[in-house]
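As a plain string of letters, each chain reads:
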Amino acid sequence: MIRTITFKLQLPDGEATALLNTMRAYSTAFSMSAQWGFENRSWNKVENHKATYKAVRESVPDLPSSLVQSARDCACEVLKAAKCETLPERKPLAAMRYNQRVITVNLIYGIVTIASVQGRIKTTFPISEYHRQYLSWKVTSSTLSYDRRKRVFYLHISMEHPDMEPVQEVKVLGIDRGIVNVAVCSDNTFFNSKRVKNVRSKYAHLRKELQSKGTRSAKRKLRKIARREKRFVTDVNHRISKQIVNSDYTVFALEDLSKIRVKKRRSKSFRRKLNNWAFYELEQFLRYKAAALGKQVFLVDARYTSQKCSVCGHTYKGNRDGSSFRCRRCGFQLHADLNAARNIAQAGISGLSRLPVNQPNVTCL
Ligand SMILES: [Zn+2]
């Protein structure tokens, strides 16, 4: 499993200049190697090194030699990809790749040291709780990019994690995603969204006010609010998914919301659900967090999960009334979302047991 995380670097002016000059020098080294390879129709790194190294060192004496090599390797790779048909070009401030000798990243303290034309630059980046999951990952490569408009450097760190052995035990948890409750689990856990609701209605109110204004600054504010709201929901999804995957359960059953769209079986409430990207995001977060633990997400048919009785199986629209569920046949009563979550868990269990490939036996709910 490989993932890339991006950090904004906080740099004082002098060091930003040093990094910009490093990027320019790197591009010069790249161009010289590219030029030689193009003229000699060769993407051989050793030959290129022999032919260009001295000249490159002379023209950009402050560029650390490992970056000279990195630029040369990069040029040879581009030459190879184009079979030397075109001269590889590079913008002076294009993103540059660092190998692990010229950059060190400390994910615990959020410190990075980067080789530059003015020696090593040590800087910090904000490390969040979310990033702590990557502490055990191995950094494979890093790329430094520069946003000219914002005048900001970004560090993209690629990390590798050995794929976890799949957990053998199967313990299925059904999860119902919703508007009122962000998630309700078949083990009676409610991820209540009172705070989410408050925040969202606050934003909705603000949005309405700004929309009626219609001025340019109102529009700008609207976009800002939308971004903030999205960040808030993302944060909630991260926390919920983390708590869920760290439970004893090993398989997380969710409704397959994509199928409903295809089948055009969407009621008004489902459309609301579908339009809500937060649902999809929660699924993605659950997926990769579960995978990191050798656990899995399993999608089940979403039809009737809210109308079906989780005890006797009686499926009837009138069983559900808002947040309460009462079976017209056996009289079973439960919170409607919890009843749905139990149906999802059951669907997950029967779905898993139908899978042919050496799936372990399903033992418990
Ligand atoms: Zn029933």
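In what follows, the structure referred to is the one given above.
Criteria and thresholds
- Residues numbered from 1 in each chain as written.
- Predicted model: local features only at pLDDT ≥ 70, side-chain atom pairs only at ≥ 80, totals over all residues.
- Heavy atoms only, no water.
- Donors = N, O, S within 2.8 Å, 3.2 Å for Na, K, Ca; no water.
- Tetrahedral: all angles 85-135°; square planar, octahedral: opposite > 155°, others 65-115°.
- Buried < 20%, exposed > 50% of the residue type's maximum accessible area, 1.4 Å probe, protein only.
- Helix = DSSP H or I, 4+ residues; strand = E, 2+ residues; numbered from the N terminus.
- Expected span 1.5 Å × (residues − 1).
- Contact = heavy atoms within 4.5 Å.
- Polar contact = N/O pair within 3.5 Å; in protein donor to acceptor, adjacent residues only side chain to side chain.

Novice: Which residues make up the coordination of the zinc ion, and what values do they have?
Specialist: Coordination of the zinc ion by the protein is provided by Cys 309 (SG), Cys 312 (SG), Cys 327 (SG) and Cys 330 (SG), with metal-donor distances spanning 2.2 to 2.4 Å. Classification of the site at the zinc ion as tetrahedral follows from its four donor atoms and the range of 106 to 113° in their angles at the metal. All donor residues of the zinc ion come from one chain, and their arrangement in sequence is C-x2-C-x14-C-x2-C. Judged by its relative accessible area of 1%, Cys 309 is buried. Overall, Cys 312 belongs to the partly exposed group, its relative accessible area being 28%.

Novice: Can you tell me about helix H8 (residues 277-291), naming the residues and giving the values?
Specialist: For H8, built from 15 residues, the straight-helix expectation of 21 Å at 1.5 Å per residue is met to within 8% by its first-to-last C-alpha distance of 21 Å. Ala 278, Phe 279, Glu 281, Leu 282, Glu 283, Phe 285, Leu 286, Tyr 288, Lys 289 and Ala 290 are the residues of H8 that are buried.

Novice: Can you break down the environment of His 335 residue by residue, with the values?
Specialist: With respect to the element layout, His 335 can be found in strand S15 (residues 333-335). Residues His 335 and His 161 lie 174 residues apart in sequence; the distance between their C-alpha atoms is 40 Å. His 335 has contacts with Asn 181, Phe 190 and Ser 323, leaving out every residue within four places of it along the chain. Within polar-contact distance, the side chain of His 335 engages the backbone nitrogen of Asp 337 at 3.0 Å.

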